[in-house]
Structure formats: structure tokens, C-alpha cells
Amino acid sequence: MDRNRRSCPEAPHLYKINGLYYLMIAEGGTEYGHMETIARSTDPYGPFEPCPHNPILSNRSMKTSIHATGHADLVQIQDGSWWAVCLGFRPASYPMRHHLGRETFLAPVTWTEEGWPLIGVNGHIEPVMTGPSLPEHPWPAPPIRDHFDEPTLDKNWMFLRNPAPDSWTLTENPGQLTLHGNLASLDDGENPAFVGRRMSHFLCNMGTELNYEPSVNGEEAGLTVYMNERYHYDIAVTQIDDQKKIVLRRTVGSLRTEKVLDCDKGPIMLQIKADRNHFTFLHQQGSSGVIEVGSGETHLLSTEVAGGFTGVIVAMYAYDRSGESTPASFDWFDYEPLDE
């Protein structure tokens, strides 16, 4: 038995290389003990001989900014060099907690004299690695602002589960994304009016201009930093006691805090500034300056606290329990990555 075998074997890949069949699997779960192991055989049905230096990839028990490496795939490119793509995550700080979810990493692959692959540097992914030169195919930097001028949403946008019919539209108010709230709130585990994108940078600025005049107590629209229905931070425009208000809500498991501010009629800019440790929520109306409403710790929306492994989503949302849904129109949305 291979002494390096671990729990949760999954995601098998079978390759035929130089006449041998290599069976590579992820093990250890998608957590800090994640790894990649490999075995080979002359027959695709086995029996398979385990690699003597398994795991061929793992960042377990290392001092590094990259952890939980695994779920790898091998590829040989045109120049004959071998590479691996794999998943991993980057904790934001110590104690280690991560909220961006699993990310994709690229690493060179070397082969031992005995014909076994080794990924990265002695089986580890490092932030900077030396490998064969690859031809560059740079992608143009995406624009910071989405004006919602196109007939369809950009590929970065996503929904929460299957979107409710007629919950969003780009044609009702051309040049704006309009959401129609329904009975599903962010707390329900259902399909609210929700259009978001994955947050992929520790340091970034996000924001939108919202045109929304709630007419029923309790209906609201705004921005959320969302991990799941039990862990999310929201800054929204709502109606309380027949008055338009701004609310900052922090939902952490069974605990909830709310901060409520007055709000004038007319468009309002809602902003979120993110760093490794905090989300800071701000708003601006008319000619007044930017006002900070409050903040929330990033680690309370982390996998280690909230569960899950896909990371937080920043989203525009709307909610209405009356069934009369006041449309919430978002004129634009900004996502500005900052240097880390």
C-alpha cells in the first residue's frame, strides 16, 4: 500500500505517455492537505504501480502564499515542454483564512530518469517559478466600468442559481441593468434578483450608481459581498417607516447587525473598497462627498468560517416581499483591481 495515500480520491485523469498509462488523481480534499498523486501501468485497466515519490504536487505544511494545490492536469505543448494547470487558494492573512475561492495556477513539469512527472519545484507550487519560455498571448485588460450598453451581459456576470424569470433586463431602461425584486431574499437559499461577478483580487474598488425609489416598507436594492445565504455583507437602499434609507447589514451565521442612515431622493453611488482584511462600504449622493458607512472583516466571509470553497461574489441585487416590485436600475458597475 502507498504510504502517501490520503482520503477523498477524486478527479482521475488517464494519460498514455511513451507507451505507459498514467493514472493521476487528486487526494486529501480541497483543503490544506490537498495533493496530486500518480500511478502507472502497461494496461489501462491496471494493475497500477504507485509513483515512489508521491505526492507529485502538494503545498501542505509549507510556509507559502499558495495552499491546497491539487486537481491538476498535465499538458505537453508544441515545443515538447510539459506543464500542469492546477487549483489552489491564497489565504489573505494569518491565521490562514481565504475568501477568494480556488484559483488556477500554472507550473512547469519535469520528468525523472525513471519516467515519473514532478510538478513545480520539487512537487510544490511557488509564487515565482523558473520554467521554459512560453509564447505570450496577452489578453486585453477588461474595462473597469461596465456601462450595460451591450445587448447581453458580459461573460464575467453570473446569477445565483437559476435566475427568476423577468428578474433582470437590459432593455427596460437602455444603458442600465434593471432588477425586479421578488420574494427571495439573500438569506433564503433560493433565486433572488441577483447579478454578480466573482471577486478575484484582495485589493480592489467596486461600485455602482443606483436609481431606485422604494415605495413599500422592506423592499430594497443595492450591493452585496456574498459567500452564501448565511454569510454576506450588504449595502442597500430601502424603505423603513415610509422613509427612504441606506442600510449596511452584516450577516454572519445567526448574528446580524444593521446600521441605518437617512437617504435623499435621486440616484446614489454605492461603493465597496476591499483590502486583505476588510470590506469598507461607502455612499455618495449629489454634490456631497463620499461618506463611509462601515466595514466588515474579510475573514468572516472566508471558507474557514462560512464554508464552501468558491469564494465571494460581489453583486447587485433587489428584494421585494410585497409583490409590487419597484424597479431598481443600475447605471453602471465598476470593478477596479489595485496593485497587490
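In what follows, the accompanying structure is described. These figures come from a predicted structure and were not determined experimentally.

How each quantity is defined
- Residues numbered from 1 in each chain as written.
- Predicted model: local features only at pLDDT ≥ 70, side-chain atom pairs only at ≥ 80, totals over all residues.
- Heavy atoms only, no water.
- Phe/Tyr/Trp six-rings, centres within 6.5 Å; stacked < 30°, edge-to-face > 60°.
- Buried < 20%, exposed > 50% of the residue type's maximum accessible area, 1.4 Å probe, protein only.
- Helix = DSSP H or I, 4+ residues; strand = E, 2+ residues; numbered from the N terminus.
- Lys NZ or Arg CZ within 6 Å of the ring centre and 35° of its normal.
- Pairing = 2+ DSSP bridges.
- Axes fitted to C-alpha atoms, helices over the stretch in contact; angles between N-to-C directions.
- Salt bridge = Lys/Arg side-chain N within 4 Å of Asp/Glu carboxyl O.

**With respect to the packing of aromatic side chains**
The way to describe two aromatic rings as a pair is by their centre distance and the angle between their planes.
Step number 1: Per the stated rule, a full pass over the model turns up 10 aromatic pairs.
Step number 2: Here Phe148 and Trp157 contribute two aromatic rings whose centre-to-centre distance is 6.0 Å and whose plane-to-plane angle is 40 degrees, an arrangement assigned as tilted.
Step number 3: In this structure Trp157 comes out as buried when scored by relative accessible area, which is 12%.
Step number 4: Ring geometry for Trp157 against Phe333: centres 5.1 Å apart, planes inclined by 80 degrees, an arrangement best described as edge-to-face. Taken together, the residues span a long stretch of sequence, with Trp157 in the loop between strand E9 (145-146) and strand E10 (168-169) and Phe333 in strand E22 (residues 328-337) at a distance of 176 residues. Here the two residues Trp157 and Phe333 agree in accessibility, since each one is buried.
Step number 5: Members of the aromatic cluster, joined through ring pairs, are Tyr22, Trp82, Trp111 and Trp116.
Step number 6: A cation sits over an aromatic face here: Arg197 above Tyr335, 3.6 Å from the ring centre.

**Some points on the sheet that holds strand E8 (residues 117-119)**
Step number 1: Pairing within the open sheet is antiparallel, and its four strands lie in the order E5-E6-E7-E8. If you trace the sheet from one side to the other, it starts and ends with strand E5 (67-76) and E8, each paired once. Strand after strand, the sheet turns through a mean of 35 degrees between neighbouring axes, direction not considered.
Step number 2: Where strand E6 (residues 82-89) meets strand E7 (residues 103-111), seven bridges bridge the pair, whose relative direction is antiparallel. Bridging from a neighbouring strand, Ala84 pairs with Ala107 of E7.

**Some words on the pattern of salt bridges**
Step number 1: Overall, the coordinates contain 10 salt bridges when judged by the stated rule.
Step number 2: Here Asp334 and Arg145 are joined by a salt bridge, their closest N and O atoms 2.7 Å apart. Linking Asp334 in strand E22 with Arg145 in strand E9, this pair joins segments that are 189 residues apart in sequence.
Step number 3: A salt bridge links Arg161 to Glu229; its shortest N-O distance comes to 3.5 Å. Linking Arg161 in the loop between E9 and E10 with Glu229 in the loop between strand E14 (220-228) and strand E15 (231-240), this pair joins segments that are 68 residues apart in sequence.
Step number 4: Under the relative-accessibility criterion, Arg161 is labelled partly exposed at 41%.
Step number 5: A single network of salt bridges, built from pairs that share partners, joins Glu220, Asp234, Arg249 and Glu258.

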